[in-house]
Amino acid sequence: MSADSSDYVLETQNLIKEFKGFTAVDDVNLKVQRGHIHALIGPNGAGKTTVFNLLTKFLTPTSGRILYNGDDITSMKSAAIARKGVVRSFQISAVFPHLSVLENVRVALQRKEGNSFHFWRHESVLDNLNDRAVELLDSVGLADFADATTVDLSYGRKRALEIATTLALEPELMLLDEPTQGMGHEDVDVVANLIKKVSKDRTILMVEHNLHVVSKLADQITVLQRGAILTEGTYEKVSADPRVKEAYLGVAADESEEAA
Amino acid sequence: MKISKFNIALVGLGLVAPLVLYPVFLMKVLCFALFASAFNLLLGFVGLLSFGHAVFLGTGGYITGYLMMNTGITPELGILAGTAAAAILGAVYGKLAVKREGIYFAMVTLALAQLMFFVYLQAPFTGGEDGLQGVPRGELFGFIDLSDNMNMYYFVFAIFLAGFWLINRTVHSPFGQVLKAIRENEARATSLGYNVNDYKWVAFVISAALAGMAGSTKTLVFQLASLTDVHWHMSGEVVLMTLLGGMGTIFGPFVGAATIVSIQNFLSGGELGNYIHIIMGIIFIVCVLAFRSGIVGEIQKVIKRNFS
């Protein structure tokens with residue numbers, strides 16, 4: 001087991017989530033290897049986002065265990081899991097729309113400063129974080145937009161901002177929920193390259209519909225169907241599996257055309 | 001708050017206002033402006049609609065009133081005690097309320113406030129239906145006679161400035177940044193590692209304390225603490241003031257409070273006094289339908305459109 005815990009950043013054991021009369025996640029044993037980009041794919045309703053919500057405790061599992069670096073985090077709260085280094089993004093771009101682009105990143109940097117409850121101090125004490133925030137924005141190509149109000153950004157830039165905000169926490173494990181959803185071709189490539197770039201020194205688990213992106217990025221793929229793992233492996237292995245073709249690929253091909 | 005010419009002008013205006021206008025009216029405006037600003041800290045900057053904020057106004061009032069009548073303490077200590085009582089109640093109520101969101105948060109705060117309303121109705125020290133009448137204003141620091149309206153006005157003005165400054169500072173503090181993040185996207189704030197309920201709770205306590213301070217001050221001004229201040233009508237009135245003035249703006253609650261208090265004063269003297277609730281209702285509807293950002297919010301929009 002000791003070998004396992006160093007190889008795998010994240011592991012689930014017999015993870016089950018039941019809603020009234022229906023099992024959304026059915027006995028999932030997921031192993032995410034350190035340093036990998038691991039993609040979670042599957043048709044709509046396969047339980048991908050539910051798995052994400054369980055991993056970050058936005059939902060509580062019915063049974064099963066979640067291990068992070070070998071520690072059981074099943075009973076921890078969402079915010080505590082984030083502080084441990086597992087940071088997620090959301091399907092709909094998760095930004096703070098009426099804060100400036102810089103402030104979005106700074107809110108993430110601010111937590112470690114230990115002054116987040118200081119209501120009697122002026123916010124200018126946060127200015128020492130500005131350089132680091134601009135650096136992060138620069139790494140996703142947004143440095144020129146630092147002073148813009150976030151709501152005015154294009155969709156692709158909002159997603160890039162979200163990644164910069166997540167990076168500010170220096171997460172060991174990033175969970176990205178459909179990072180390219182709803183994007184045009186150009187934005188998809190920009191974000192895919194960005195994910196590749198930020199994957200150095202960290203592990204990424206992503207839900208992704210766009211198989212082009214998956215084939216380009218993922219080291220390991222897990223296919224979910226009706227809440228259970230259908231198969232796992234590299235893109236070559238998974239895409240050759242006739243069950244996957246039947247369950248997923250046909251549908252997905254249509255979808256990605258629609259999205260484009 | 002940046003010390004701008006605008007702010008200096010406003011403070012100057014506040015200093016000379018009682019030479020022109022009736023001080024008791026001005027004090028009423030300041031008390032309600034502080035109350036609405038405290039409420040706006042929650043609604044406008046955290047996105048929490050408390051529908052029971054009158055309970056903090058009333059608690060401050062009753063505690064200060066009782067102490068002023070029954071012990072020999074000076075008014076500044078009376079106000080501090082009322083503020084502290086409201087903060088403690090806010091700490092307990094806030095702990096229970098922040099676990100819920102949206103309409104449920106509003107319902108929990110309303111229910112808890114009603115609970116205290118009936119306590120104050122029955123408890124022997126509040127005077128029940130009669131309230132506490134003839135509360136002495138006392139002597140500030142033991143030597144400034146507050147029964148003089150001008151002295152009282154400047155005392156109230158100082159309290160208002162202190163409370164208003166604290167709200168402003170809270171909004172523009174590291175803490176305020178997190179509050180705004182929670183308002184904008186609570187799930188995301190959680191995923192960045194913030195225990196959002198703790199932040200909401202601290203904001204709730206600050207808001208309750210300042211609402212209590214407004215109530216304490218109001219009790220000294222009118223020398224009266226009564227059930228009106230804990231009634232849910234009052235909780236509704238502060239929502240109206242804040243929306244009318246512009247929620248989420250710094251000066252909105254002040255403008256809203258001044259407008260409502262002026263209308264009430266104007267109407268209660270004349271023949272329309274009986275229709276006051278209908279008129280308030282119409283104002284509320286017009287506000288919600290026609291200018292949702294409130295008076296200050298709309299003005300800011302116009303400025304933004306034309307000057308930037």
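Residues numbered from 1 in each chain as written. Chains lettered and ligands numbered in written order. Predicted model: local features only at pLDDT ≥ 70, side-chain atom pairs only at ≥ 80, totals over all residues. Heavy atoms only, no water.

1. A few points about the interface of chain B and chain A
- Residue-level contacts link 26 residues of chain B with 36 residues of chain A.
- Both sides together, the interface formed by chain B and chain A hides about 2700 Å², and carbon and sulfur atoms give 62% of it.
- Inspection of the region where chain B meets chain A yields 0 salt bridges.
- Viewed at the interface, chain A and chain B are joined by 16 residue pairs in polar contact (both at pLDDT 80 or more).
- Every element with two or more residues in the side of chain B that touches chain A is listed here: α6 (149-171), α7 (174-184), α8 (186-191) and α9 (196-222) of chain B.
- Here the side of chain B that touches chain A gets 7 residues from one element, more than from any other, and that element is α7 of chain B. (Contact = heavy atoms within 4.5 Å. Buried area = accessible area lost by both parts, 1.4 Å probe. Salt bridge = Lys/Arg side-chain N within 4 Å of Asp/Glu carboxyl O. Polar contact = N/O pair within 3.5 Å; in protein donor to acceptor, adjacent residues only side chain to side chain. Helix = DSSP H or I, 4+ residues; strand = E, 2+ residues; numbered from the N terminus.)

2. A short note on the pattern of salt bridges
All names here are of chain A.
- Tallied over the entire structure, the rule returns 12 salt bridges over all chains.
- The salt bridge partner of glutamate 170 is arginine 132, with a shortest N-O separation of 3.8 Å. In this pair, glutamate 170 sits in the loop between α6 (155-168) and β8 (173-177) while arginine 132 sits in helix α5 (residues 130-139), placing the two residues 38 residues apart along the sequence.
- Here aspartate 241 and arginine 243 are joined by a salt bridge, their closest N and O atoms 3.2 Å apart.

3. Some points on helix α2 (residues 48-55) of chain A
All names here are of chain A.
- Burial analysis of α2 places 7 of its 8 residues in the buried class, which makes it a mostly covered element.
- Among the residues of α2, Lys48, Thr50, Val51, Phe52, Asn53, Leu54 and Leu55 are the ones counted as buried.
- Remark: lysine 57 follows α2 within two positions and exhibits a positive phi of approximately 60 degrees. (Buried < 20%, exposed > 50% of the residue type's maximum accessible area, 1.4 Å probe, protein only.)

4. Side note on the sheet that holds strand β9 (residues 203-207) of chain A
Residue and element names in this part refer to chain A.
- What the 6 strands build is an open sheet, ordered β7-β8-β9-β4-β10-β11; its pairing is mixed. Both outer strands of the open sheet, β7 (86-88) and β11 (228-233), are each paired with one neighbouring strand and no more. Within this sheet the neighbouring strands show an average axis-to-axis angle of 20 degrees, counted without direction.
- Of the strand pairs in this sheet, strand β10 (residues 220-225) and β11 are connected by 5 bridges, and their pairing is antiparallel. Bridge pairing links threonine 222 to glutamate 232 in β11. (Pairing = 2+ DSSP bridges. Axes fitted to C-alpha atoms, helices over the stretch in contact; angles between N-to-C directions.)

5. A word on the side chain of threonine 165 of chain A
- With respect to the element layout, threonine 165 of chain A can be found in helix α6.
- Ignoring any residue separated from it by four or fewer positions in sequence, one finds threonine 165 of chain A in contact with Asn104, Val105 and Ala108 of chain A together with Arg188 and Leu192 of chain B.

6. Considering the packing of helix α1 (residues 5-20) of chain B against α6 of chain B
All names here are of chain B.
- The contact between α1 and α6 brings their axes to 10 Å, and the two run at 160 degrees. Judged by the inter-axis angle, α1 sits roughly antiparallel to α6. The two elements α1 and α6 cross, and the hand of that crossing is right-handed. Facing Val11, Gly14, Leu15, Ala17, Pro18 and Leu19 of α1, the residues of α6 in contact are Met150, Tyr153, Tyr154, Phe157 and Leu161.
- When its residues are assigned to classes, the contact of α1 with α6 shows 10 nonpolar, 1 polar and no charged. (Parallel < 35°, antiparallel > 145°, perpendicular 65-115°, else oblique. Left-handed = near helix turned anticlockwise from the far one by under 90°. Nonpolar A, V, L, I, M, F, W, Y, C, P; charged D, E, K, R; others polar.)

7. Some words on the domain arrangement of chain A
Residue and element names in this part refer to chain A.
- Domain assignment breaks chain A into domain 1 (2-95 + 170-259) and domain 2 (98-152).
- Taken over C-alpha atoms, the centre of domain 1 sits 28 Å from the centre of domain 2.
- Listed by partner, the interface residues are 5 residues for domain 1 and 6 residues for domain 2.
- For the pair domain 1 and domain 2, the summed buried area comes to about 460 Å², and 53% of that belongs to carbon and sulfur atoms. (Domains from an automatic or database assignment.)

8. Considerations on the packing of aromatic side chains
- Inspection of the entire model under this criterion finds 21 aromatic pairs over all chains.
- When the ring of phenylalanine 19 of chain A is compared with that of phenylalanine 22 of chain A, the centres are 6.3 Å apart and the planes differ by 20 degrees; the resulting orientation is stacked.
- The exposure class of phenylalanine 19 of chain A is partly exposed, given its relative accessible area of 34%.
- With a centroid separation of 5.2 Å and an interplanar angle of 85 degrees, the aromatic rings of phenylalanine 119 of chain A and tryptophan 120 of chain A are classed as edge-to-face.
- Feature note: the residues Phe117, Phe119 and Trp120 of chain A together with Phe175, Tyr194 and Tyr199 of chain B constitute an aromatic cluster, connected by ring pairs.
- Over the face of the ring belonging to phenylalanine 90 of chain A we find arginine 88 of chain A, whose NZ or CZ atom lies 4.3 Å from the ring centre.
- The aromatic ring of tryptophan 201 of chain B is capped on one face by lysine 95 of chain B, whose charged end is 4.5 Å from the ring centroid. (Phe/Tyr/Trp six-rings, centres within 6.5 Å; stacked < 30°, edge-to-face > 60°. Lys NZ or Arg CZ within 6 Å of the ring centre and 35° of its normal.)

9. Describing a nonpolar patch on the surface
Residues and elements named next belong to chain B.
- A surface patch of nonpolar side chains, amounting to about 990 Å² of accessible area, comprises Phe6, Leu10, Val11, Leu13, Leu15, Val16, Leu19, Val20, Leu21, Tyr154 and Leu161.
- Broken down by secondary-structure element, the contributors of at least two residues to the nonpolar patch are α1 and α6.
- For the nonpolar patch, the element with the highest residue contribution is α1, accounting for 8 residues.
- A residue is classified by how much of its surface remains accessible, and valine 20, at 70% relative accessible area, is exposed. (Patch = residues over 30% accessible without salt bridge, like charges linked within 9 Å, V, L, I, M, F, W, Y side chains within 5 Å. Areas by Shrake-Rupley, 256 points an atom, 1.4 Å probe, with all protein chains shown as cover.)

10. A short note on the environment of alanine 9 of chain B
All names here are of chain B.
- Its place among the elements puts alanine 9 in helix α1.
- By relative accessible area, which is 47% here, alanine 9 ends up partly exposed.
- Sequence separation of alanine 9 and methionine 150 is 141 residues, and the distance between their C-alpha atoms is 20 Å.

11. A look at the packing of α5 of chain A against α6 of chain A
Residue and element names in this part refer to chain A.
- One way to put it is that α5 packs onto α6 with a least axis distance of 9 Å and a crossing angle of 130 degrees. Judged by the angle between their axes, α5 and α6 are oblique. For α5 against α6, the interelement crossing comes out right-handed. On α6, the residues that touch Leu136, Leu137 and Ser139 of α5 are Leu161, Ala164, Leu167 and Ala168.
- Here the contact of α5 with α6 is composed, by residue class, of 6 nonpolar, 1 polar and no charged.

12. Brief notes about the environment of glutamine 220 of chain A
Residue and element names in this part refer to chain A.
- Looking at the secondary structure, you find glutamine 220 in strand β10.
- By relative accessible area, glutamine 220 is classed as partly exposed at 22%.
- For the pair formed by glutamine 220 and valine 238, sequence separation is 18 residues and the distance between their alpha carbons is 9.3 Å.
- Not counting residues up to four positions away in its chain, the partners in contact with glutamine 220 are His36, Ile37, His38, Ala39, Glu232, Gly233 and Thr234.

13. As for the UniProt feature "transmembrane region" (unreviewed entry) in chain B
All names here are of chain B.
- Per the UniProt annotation, the sites labelled "transmembrane region" (unreviewed entry) are residues 6-25, 32-57, 77-96, 103-123, 150-167, 238-263 and 275-295.
- Taken as a whole, residues 238-263 contains 77% helix and 0% strand, while its terminal C-alpha atoms sit 14 Å from one another.
- End C-alpha atoms of residues 275-295 are separated by 23 Å, and the span's content is 81% helix alongside 0% strand. (UniProt positions renumbered as here; feature names shortened; annotations may be inferred.)

14. Looking at unusual backbone geometry
All names here are of chain A.
- Notably, aspartate 27 is not glycine yet its phi reads approximately 55 degrees, a positive angle.
- The topology assignment puts aspartate 27 in strand β2 (residues 22-28).
- The exposure class assigned to aspartate 27 is partly exposed, which follows from its relative accessible area of 38%.
- Positive phi outside glycine occurs at asparagine 69, with the angle close to 50 degrees.
- With respect to the helices, strands and loops of the structure, asparagine 69 is situated in the loop between β5 (63-68) and β6 (71-72).

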